[in-house]
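Residues per chain, in single letters:
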Amino acid sequence: MKGGRIMRGKKPSEREKYVLRTGSGTFVEVTRDVYLEWHQSRRREKYQMEKKRAHGVCSIEALGGNVRHAIPGAYWQNTPEENALRSACMEKLRESIALLPEQDAHLLHMLFVEEMTVTDAALLCGCSRKSIRNRRDRILGQLRVEMESRGIICGCF
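Residues numbered from 1 in each chain as written. Predicted model: local features only at pLDDT ≥ 70, side-chain atom pairs only at ≥ 80, totals over all residues. Heavy atoms only, no water.

Peer 1: Looking at this structure, how should I read the overall build of the protein?
Peer 2: Counting its secondary structure elements, the protein contains six helices and two strands. Start at the N end of the protein and walk to the C end: the helices and strands fall as β-β-α-α-α-α-α-α. Split into buried and exposed, the 157 residues of the protein put 18% on the buried side. For the protein, contacts bridging at least 24 residues in sequence account for 38% of all contacts bridging at least 6. As displayed, the protein has an accessible area near 11900 Å², and 54% of this comes from carbon and sulfur atoms. (Helix = DSSP H or I, 4+ residues; strand = E, 2+ residues; numbered from the N terminus. Buried < 20%, exposed > 50% of the residue type's maximum accessible area, 1.4 Å probe, protein only. Contact = heavy atoms within 4.5 Å. Areas by Shrake-Rupley, 256 points an atom, 1.4 Å probe, with all protein chains shown as cover.)

Okay, here's the thing in structure tokens:
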């Protein structure tokens with residue numbers, strides 16, 4: 001702030017201090033990264049609301065009940081509890097993948113860890129793309145059943 005006033009209209013890179021208004025109307029000084037992230041989230045929220053009005057997109061409120069299963073984990077805060085649940089889920093996933101045949105685990109590794117395309121995996125394995133897609137879908141189905149038997153449903157406990 002310059003002279004006790006908020007510097008409105010200047011680009012964030014030009015500001016000396018970054019402040020956000022709280023719900024009670026007070027101003028809180030934050031880092032540039034927090035400031036930019038806050039404004040980016042506001043833009044995303046505004047875009048979603050416009051999209052909802054224009055196309056009738058379903059809202060979280062309309063889902064009601066337990067929305068945790070309807071929203072991917074990336075939208076949840078990184079609280080210690082969430083991190084602990086995510087770690088436990090990842091450990092169960094590793095255990096389930098370890099039960100798969102070696103070729104199946106290797107295909108999952110190529111497709112999801114190395115981010116190889118289905119076409120590249122097919123060339124490397126010497127088979128058709130359809131064959132790779134069928135194997136991937138079969139393996140993911142087996143993995144889903146195994147994860148459900150371990151108490152993980154849709155990525156949540």
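Peer 1: Explain helix α4 (residues 102–113) to me, please; I cannot follow it from the model alone.
Peer 2: Counting along an α-helix, one turn takes 3.6 residues, and residues three or four places apart therefore face a common direction. In this model, α4 (twelve residues) spans 15 Å end to end at C-alpha, consistent with the 16 Å of a helix rising 1.5 Å per residue. On its buried face, α4 is in contact with α5 (118–125) and α6 (129–149). The positive-phi residue at the C-terminal boundary of α4 is Glu115, with phi of around 55°. (Expected span 1.5 Å × (residues − 1).)

Peer 1: What is the right way to read the packing of aromatic side chains from this model?
Peer 2: Working definition: an aromatic ring pair is given by the centre-to-centre distance plus the angle between the planes. Inspection of the entire model under this criterion finds one aromatic pair. Judged by centre distance (5.2 Å) and plane angle (50°), the ring pair of Tyr18 and Tyr35 falls under tilted. In this pair, Tyr18 is assigned in strand β1 (residues 18–21) and Tyr35 in helix α1 (residues 32–55), connecting sequence segments 17 residues apart. (Phe/Tyr/Trp six-rings, centres within 6.5 Å; stacked < 30°, edge-to-face > 60°.)

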